[in-house]
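Take a look at the letters that make up each chain.
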Amino acid sequence: MSSYTKNKSDDILLSMELKNFLNPNELHHAYAFVGDKEVVKESLLSFVEHDLSVSIHNNPDFWMKNIETVGIDDARELTDLHIKKSFSNSKKIFVLLTDGITIEAQNALLKLFEEPLPGNHFFLLLSEDKGILPTLRSRMTSISFLGDKTHTTKLGRTFCQMSLSERLEMVGKIAEDKDKNSAKLLVRSIIDELHEKQSNVLSNSADILSDLIKAEDYLSDRAPSIKMLLEHIAHTLPSAR
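Residues numbered from 1 in each chain as written. Predicted model: local features only at pLDDT ≥ 70, side-chain atom pairs only at ≥ 80, totals over all residues. Heavy atoms only, no water.

> Lay out the overall build of the chain in plain terms, naming residues and giving numbers.
Along the chain, the regular secondary structure elements total 10 helices and five strands. Classification of the 241 residues of the chain by burial places 47% in the buried group. When the accessible surface of the chain is totalled, it reaches about 12,500 Å², and 49% of it is carbon and sulfur. (Helix = DSSP H or I, 4+ residues; strand = E, 2+ residues; numbered from the N terminus. Buried < 20%, exposed > 50% of the residue type's maximum accessible area, 1.4 Å probe, protein only. Areas by Shrake-Rupley, 256 points an atom, 1.4 Å probe, with all protein chains shown as cover.)

Listed below in structure tokens is the structure:
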């Protein structure tokens, strides 16, 4: 089982981290994402729809399946589907969630992942990658979201490095869920990040820290305006881009 601990702040951070690895204009033909499959899936589907402009609903060029253990028949099905002509003359996306792949199936996927037809992109979402053959692994871009790689202490640093539009996207998700705990965690993480870099990065960091501390206090109220407080912080912090 994955050691990834699922909570809202981790979900948001994972989504931002995943997009750092995926360039819509330079998309690799095969990826292996290791971690909580359902959490990674939601972030990946958002990328597919919004960044690749590929519909995930009623689209014959989008295929997704959850298989406990991928066998040789599943590998052959994937190979057969991949050679069919695209309906939209655009990208064909294959998403496979699994806990493991048999050796026979991995050997069958070697050729597919080495030389797929143009426009075909494969995403393996794995709970762990211990059983993946080195030969198959070498044909994919592998990214692990296990352990402290997605720990929320990185949230403040990530937020400070975002563009304003990315910050507001994160704020919108937290506010939509009325997630006061995630809002407080975000503010505290930003405070910790600015304390660490105060003397080197921001000439007005003392004023910004004062605003953050006030926001942290307001978030402890019974019904704080999460959206208003976090949007103020998003606009106040200098953009890194």
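> Give a detailed account of the side chain of serine 127, specifying residues and quantitative values.
Structurally, serine 127 can be placed in the loop between strand 4 (120-126) and helix 5 (134-137). A polar side-chain atom of serine 127 sits 3.0 Å from a polar atom in the side chain of aspartate 99. (Polar contact = N/O pair within 3.5 Å; in protein donor to acceptor, adjacent residues only side chain to side chain.)

> Explain the pairing of strand 3 (residues 92-101) to me, and be specific about the residues and the numbers.
In terms of residue burial, strand 3 counts as a mostly covered element, since nine of its 10 residues are buried. Summarising the sheet, strand 2 (residues 62-70) and strand 3 pair through eight bridges and their orientation is parallel. When the bridges of strand 3 are listed, lysine 65 appears paired with leucine 96. In this fold, the crossover linking strand 2 to strand 3 by way of helix 3 (residues 72-82) has right-handed handedness. Sheet analysis places strand 3 next to strand 4, joined by seven bridges and oriented parallel. (Pairing = 2+ DSSP bridges. Right-handed = clockwise from strand over helix to strand, strands pointing away.)

> Any details on the packing of helix 3 against helix 4 (residues 103-114)? Residues and values, ideally.
At a minimum axis separation of 8 Å, helix 3 and helix 4 run at an interaxial angle of 15 degrees. In terms of orientation, helix 3 lies roughly parallel with respect to helix 4. The element helix 3 and its partner helix 4 pack so that their crossing is right-handed. Residues Ile72, Ala75, Leu78, Thr79 and His82 of helix 3 form the contact with helix 4, whose own contacting residues are Glu104, Ala105, Ala108, Leu109 and Leu112. Looking at the contact of helix 3 with helix 4 residue by residue, the class counts come to seven nonpolar, two polar and one charged. (Axes fitted to C-alpha atoms, helices over the stretch in contact; angles between N-to-C directions. Parallel < 35°, antiparallel > 145°, perpendicular 65-115°, else oblique. Left-handed = near helix turned anticlockwise from the far one by under 90°. Contact = heavy atoms within 4.5 Å. Nonpolar A, V, L, I, M, F, W, Y, C, P; charged D, E, K, R; others polar.)

> Explain helix 2 (residues 37-50) to me, and be specific about the residues and the numbers.
Taking 1.5 Å as the rise per residue, helix 2 with 14 residues should run 20 Å; its terminal C-alpha atoms sit 20 Å apart, in good agreement. Burial within helix 2 is extensive, with 10 of its 14 residues counted as buried. Of all the residues in helix 2, the buried ones are Lys37, Val39, Val40, Lys41, Ser43, Leu44, Leu45, Ser46, Phe47 and Val48. (Expected span 1.5 Å × (residues − 1).)

> So what's going on with the pattern of salt bridges? Residues and values would help.
As enumerated under the stated definition, the model contains 11 salt bridges in all. For lysine 41, the salt bridge is made with glutamate 42, and the minimal N-O distance between the two is 3.9 Å. Judged by relative accessible area, which is 48%, glutamate 42 ranks as partly exposed. Between glutamate 115 and lysine 111 there is a salt bridge, and its shortest N-O distance comes to 3.1 Å. (Salt bridge = Lys/Arg side-chain N within 4 Å of Asp/Glu carboxyl O.)

> Explain the nonpolar core residue by residue, including any values.
In this structure, Phe159, Ile190, Leu212, Leu230 and Ile233 are the most contacted members of the largest nonpolar core, which totals 25 residues. At six residues, helix 8 (residues 180-197) tops the list of elements feeding residues into this core. Dropping the residues within four chain positions of it, isoleucine 233 is found in contact with Phe159, Val187, Ile190, Leu212 and Ala215. Ala105, Leu110, Leu112 and Leu124 belong to the second-largest nonpolar core, a separate cluster that totals 22 residues. (Core = buried A, V, L, I, M, F, W, Y, C linked by side-chain atoms within 4.5 Å.)

> Describe in detail the packing of aromatic side chains, supporting the description with residues and values.
Applying the stated criterion to the full structure yields six aromatic pairs. With 5.2 Å between their ring centres and 5 degrees between their planes, tyrosine 31 and phenylalanine 123 make a pair best called stacked. One end of the pair, tyrosine 31, is in strand 1 (residues 30-34); the other, phenylalanine 123, is in strand 4, and 92 residues separate them in sequence. For the residue pair tyrosine 31 and phenylalanine 123, the accessibility class agrees, reading buried in each case. With 4.9 Å between their ring centres and 15 degrees between their planes, phenylalanine 94 and phenylalanine 122 make a pair best called stacked. Of the two residues, phenylalanine 94 is situated in strand 3 and phenylalanine 122 in strand 4; the sequence distance between them amounts to 28 residues. Across the pair, exposure class does not vary: phenylalanine 94 and phenylalanine 122 are buried alike. An aromatic cluster of at least three residues, connected via ring pairs, comprises Trp63, Phe94, Phe113 and Phe122. (Phe/Tyr/Trp six-rings, centres within 6.5 Å; stacked < 30°, edge-to-face > 60°.)

> Can you lay out the environment of aspartate 99 for me, pointing to particular residues and giving the numbers?
If you trace the backbone, aspartate 99 turns up in strand 3. Other than its neighbours up to four places away in sequence, aspartate 99 contacts Lys37, Ile67, Glu68 and Ser127.

> Give a detailed account of the confidence of the model for the chain, specifying residues and quantitative values.
Summary statistics for the chain give a mean pLDDT of 81 and a share of 82% for residues scoring 70 or more. For the stretch residues 1-9, pLDDT sits under 50, and the model shows 26 contacts to residues farther than four places along the chain or on other chains. Note that residues 148-152 has pLDDT below 50 and, in this model, 18 contacts with residues that lie over four places away or in other chains. (pLDDT = per-residue confidence, 0-100.)

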